[in-house]
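# Tertiary structure, described
The residues making up each chain are set out below.
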There are 2 protein chains.
Amino acid sequence: MRKVAIIGVGNSKFGNRNDVNMAELAFEAVQPSLVDAGISAKEVEFVALGSVGAGAWYEELLPAVVASEYCGLTKAGLVRCEAACASGSAAFQTAYATVASGQAEIAMALGVEKMREIDSPIAMEWIGRAGYYLWEFHNFGITFPGYYALHANAHMAKYGTTEEDLALVAVKNHKYGSMNPKAHLQNKITVDDVLSSMVIASPLKLFDCCPLTDGSASVILASEEKVKELKIETPVWVAGIGYSSGTANLTKRADFVGLEASVLASQRAYKAAGVTADQIEVAEVHDCFTIAEIMAYEDIGLCRKGEGVKLLREGQTEIGGKIPVNVDGGLKAKGHPVGTTGCSMIYELTRQLREEVEKPRQVPLKNYIALAHNVGGTGHYCYVTILRR
Amino acid sequence: MRKVAIIGVGNSKFGNRNDVNMAELAFEAVQPSLVDAGISAKEVEFVALGSVGAGAWYEELLPAVVASEYCGLTKAGLVRCEAACASGSAAFQTAYATVASGQAEIAMALGVEKMREIDSPIAMEWIGRAGYYLWEFHNFGITFPGYYALHANAHMAKYGTTEEDLALVAVKNHKYGSMNPKAHLQNKITVDDVLSSMVIASPLKLFDCCPLTDGSASVILASEEKVKELKIETPVWVAGIGYSSGTANLTKRADFVGLEASVLASQRAYKAAGVTADQIEVAEVHDCFTIAEIMAYEDIGLCRKGEGVKLLREGQTEIGGKIPVNVDGGLKAKGHPVGTTGCSMIYELTRQLREEVEKPRQVPLKNYIALAHNVGGTGHYCYVTILRR
């Protein structure tokens, strides 16, 4: 297997981006990533674009060619990758494999999503289709807050997790979001703010849920030879990727206190990278709802099953703690443009590993190993990516 | 680069498949491909699903997880690949790269498309969005027969191609479709049938256009080590893949007599495979409209530019000729379930290289080298795959 490094990253401002169209939004990530890598668009041989809402949240049914052309990437090989909310990671995996297999020397993973061109109820309907469409969505109308409320209730019943615990995730992630100029939500909040916010699907309240966000992120990957040729100062190496899918049919799940796909994908990623969970120094996990972050701690082995809340209460997932998580604000505060999120996680971790994040958000590092955990659906897809400087 | 082989293929009956849903249709390809490879679904580590019409032609927005679960593939890594009508080839490339990079030993490329659940005008609208959405589709309402009519008129003006020449493509491909039990259209037609059929977008008539088709195709790929371990009798090796994208904006094209993306992708594929065009013994090319097949001959170097019609008139692209093309009926008669086509081309070529096609359609082989050419949009994407026994 050829060694592959990240040589450039870019991330647009996340938020309500009705000021730009899909291709213009893509450009806001692509351009800085090219500058960061010190290459021109013409040098990119393959582009994997992560996007879900084509023809749903925004009108372009086939966004890859329009976005890549607008960014000057025409003539590169091109594919759109979709794995629900893990699409950005799926695009990253495809771009990685294309370089690692020897097919290309430079490839780009580009996430772009516009979710706010249409009304929220319609967006929620589309997201709901990412569950088990034929049975759960079509017959019962369940949408995503409902799915994760099932998980939250199960976790509370089994492990004594409280609504205050869930709120702690939101408080932490909004704190870091307030320090991140790219974040969608930049307001600090308190536990009381969360508890007193509108109930969406009990026990989840408004501030337990991530927002609908527009945004883009770009990651440029290169072979080891190319890294040398370009004299990249601080390449960030892809140490290993793990992936899994899980049943889309909730009635077939063994339990609701975690996601089997997360467990499997992380185990595979650790094996591929040859590292253990306790070597990870900074992590991005999929906190589409507050309960999801707690389950992720447990599923990817940052702690034992049922001890996620302890980690949280002790502040171990904040900067200064054992394993800082989502210090860019996470999906919860930075925002969750679904096809983009996986690439945006890699953007943040690359900058962390290069120690170039604005001071209060930079995690102190010793081993320089980072992990991104990205879920599609409620564990229908999972990608875990481990990076190493 | 690790060597990767095709070890199993499957293809559903193409046609109007309102008798099955999307997942059931996928199963009709997956199951025979597993039997063909002699493996169980649990051995597949990664699945790349090619499909375009999710949420458009059929209701599942996120088909990969539903289709793979129905086929027993849960726990495999999973992604949907979309590159318009080249989505099947894009899925094949992703599955190939995942094995070639050393990430997986066995991966599957699965194409599935249901295009006939909705009315044809709506299907045509969705396909039209695969052009340049913002300008050409939205402002002028151009759909695909119109795009390819531009190409046909340009080719006729420059090279003296006639409407009868275009008809010859349809006659040839219907002839082979009539011998292929998987084909959507199995009726033989004459030049007169084509010329007297309804004008769709002059000079293209009904029989110059491929049908809207439901269908699925599955291709299982394995590493060289796995091929040995499984004692695969006749592995078909992936010799090389070439890809390119082209401008989505027709006003930026240098001319309309060919597709630059096809030229580039084929040159890259020949280079990757280390073969020349004259070594190819059987080819599948993207004949969504009759003119597209003639342009493909020229663009991928089966003849010089402007000499495609000569090749056709001489019968060189029929069995017995220099380079038989689309002897499964092609998109024109076998049908064109857009996300499936790339995988279905590989299905046909694999069986040709193994010399297991029903007698009159089996191409006599000496070098055992085959080529699949798959276009998305009007050259917005192109993938060329070269196989070798």
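Residues numbered from 1 in each chain as written. Chains lettered and ligands numbered in written order. Predicted model: local features only at pLDDT ≥ 70, side-chain atom pairs only at ≥ 80, totals over all residues. Heavy atoms only, no water.

## Digging into the packing of aromatic side chains
Residues and elements named next belong to chain B. Put simply, the rule is: Paired rings are identified among Phe, Tyr and Trp, the last through its six-membered ring, by centres lying within 6.5 Å, and are further divided according to the angle between planes into stacked (under 30 degrees), edge-to-face (over 60) and tilted (the rest). Helix and strand labels come from DSSP, where a helix needs a run of H or I of at least four residues and a strand needs a run of E of at least two; each type is numbered from the N terminus. The cut-offs for exposure are 20% and 50% of the maximum accessible area for each residue type, with area from a 1.4 Å probe on protein chains only; residues under the lower value are buried, those over the upper are exposed, and the others partly exposed.
In the structure shown here, the tally under the stated rule is 12 aromatic pairs over all chains. Here the aromatic rings of F27 and Y70 are separated by 5.9 Å at their centres, their planes lie at 80 degrees, and the arrangement is edge-to-face. In this pair, F27 sits in helix α1 (residues 22-37) while Y70 sits in helix α2 (residues 63-70), placing the two residues 43 residues apart along the sequence. By relative accessible area, which is 33% here, F27 ends up partly exposed. Between the aromatic rings of F144 and Y148, the centroid separation amounts to 6.4 Å while the plane-to-plane angle is 40 degrees, which identifies the pairing as tilted. Taken as a pair, F144 and Y148 lie in helix α6 (residues 144-159) at a separation of four residues, close to a single helical turn.

## Overview of the state of the cysteines
All names here are of chain B. To keep things clear, this is the line we draw: Disulfide: a pair of cysteine sulfur atoms within 2.5 Å of each other.
Under the defined criterion, the tally for this structure stands at zero disulfides over all chains. The thiol of C85 is unpaired, and the distance to the nearest cysteine sulfur, on C288, comes to 6.7 Å. Note on C85: relative accessible area 12%, which makes it buried. The thiol of C382 is unpaired, and the distance to the nearest cysteine sulfur, on C288, comes to 11 Å. When its relative accessible area of 0% is taken as the criterion, C382 is described as buried.

## Comments concerning the relation of the copies chain B and chain A
Stated precisely, the cut-off is as follows: Residues below a pLDDT of 70 in either copy are left out; the C-alpha atoms of the rest, at least 70 in both, set the least-squares superposition of the copies.
Once chain B has been moved 0.0 Å along the axis and rotated by 180 degrees, it coincides with chain A to within an RMSD of 0.0 Å. Each copy turns onto its partner about a two-fold axis. Of every C-alpha in chain B, the one belonging to S101(B) sits nearest the axis of rotation, 2.0 Å from it.

## So, the interface of chain B and chain A
Heads up, the rule is: Note on contacts: a residue pair qualifies if any of its non-hydrogen atoms lie within 4.5 Å across the two residues. Accessible area, probed at 1.4 Å, shrinks when two parts are joined; the buried area is that loss added up over both. By the criterion applied in these results, polar contacts are pairs of N or O atoms within 3.5 Å in which, for protein atoms, one can donate a hydrogen and the other can accept it, and in which residues neighboring in sequence qualify only through two side-chain atoms. Residue polarity is assigned by list, with Asp, Glu, Lys and Arg as charged and Ala, Val, Leu, Ile, Met, Phe, Trp, Tyr, Cys and Pro as nonpolar; anything else, Gly included, falls into the polar class.
Counting residues at the interface gives 60 residues for chain B, matched by 60 residues for chain A. Surface buried jointly by chain B and chain A totals about 4,900 Å² across both partners, of which 54% is contributed by carbon and sulfur atoms. Applying the counting criterion to the chain B and chain A interface returns 24 residue pairs in polar contact (both at pLDDT 80 or more). Elements that contribute at least two residues to the side of chain B that touches chain A include exactly α2, β3 (77-82), α3 (87-100), α5 (133-140), β8 (236-245), α10 (260-273) and β11 (381-388) of chain B. By residue number, the principal contributor to the side of chain B that touches chain A is α3(B), which donates seven residues. Looking at side-chain class alone, the side of chain B that touches chain A contains 32 nonpolar, 17 polar and 11 charged residues.

## Side note on helix α2 (residues 63-70) of chain A
Where burial is concerned, most of α2(A) is hidden: seven out of the eight residues are buried. For α2(A), the set of buried residues is P63(A), A64(A), V65(A), V66(A), A67(A), S68(A) and E69(A). For α2(A), the elements touching its buried residues are α1 (22-37), β2 (46-50) and β3 (77-82) of chain A together with β3 and β11 of chain B. At the C-terminal side of α2(A), G72(A) shows a positive phi close to 80 degrees.

## Remarks on the confidence of the model for chain A
Selection criterion: For every residue, the predictor states its confidence as a pLDDT score lying anywhere from 0 to 100.
Looking at chain A as a whole, the pLDDT averages 95, with 100% of positions reaching at least 70. Of the two predicted TM-score estimates for the complex, the pTM is 0.97 and the ipTM is 0.96.

## Looking at the pattern of salt bridges
To keep it simple, the criterion reads: Here, a salt bridge means any Lys or Arg side-chain nitrogen found within 4 Å of an Asp or Glu carboxyl oxygen.
One pass over the full model with this rule turns up 48 salt bridges over all chains. E318(A) is paired through a salt bridge with K175(A); the nearest N and O atoms lie 2.4 Å apart. Taken together, the residues E318(A) in the loop between α12 (308-313) and α13 (330-333) and K175(A) in helix α7 (residues 163-177) connect sequence positions 143 residues apart. For R389(B), the salt bridge goes to E355(B), with nearest N and O atoms at 3.3 Å. Here R389(B) is found in the segment after β11, whereas its partner E355(B) is found in the loop between α14 (341-353) and β10 (369-376), with 34 residues between them in sequence. Several salt bridges share partner residues, and in doing so they unite D36(A), E348(A), R351(A), R354(A), E356(A), E358(A) and R361(A) into one network.

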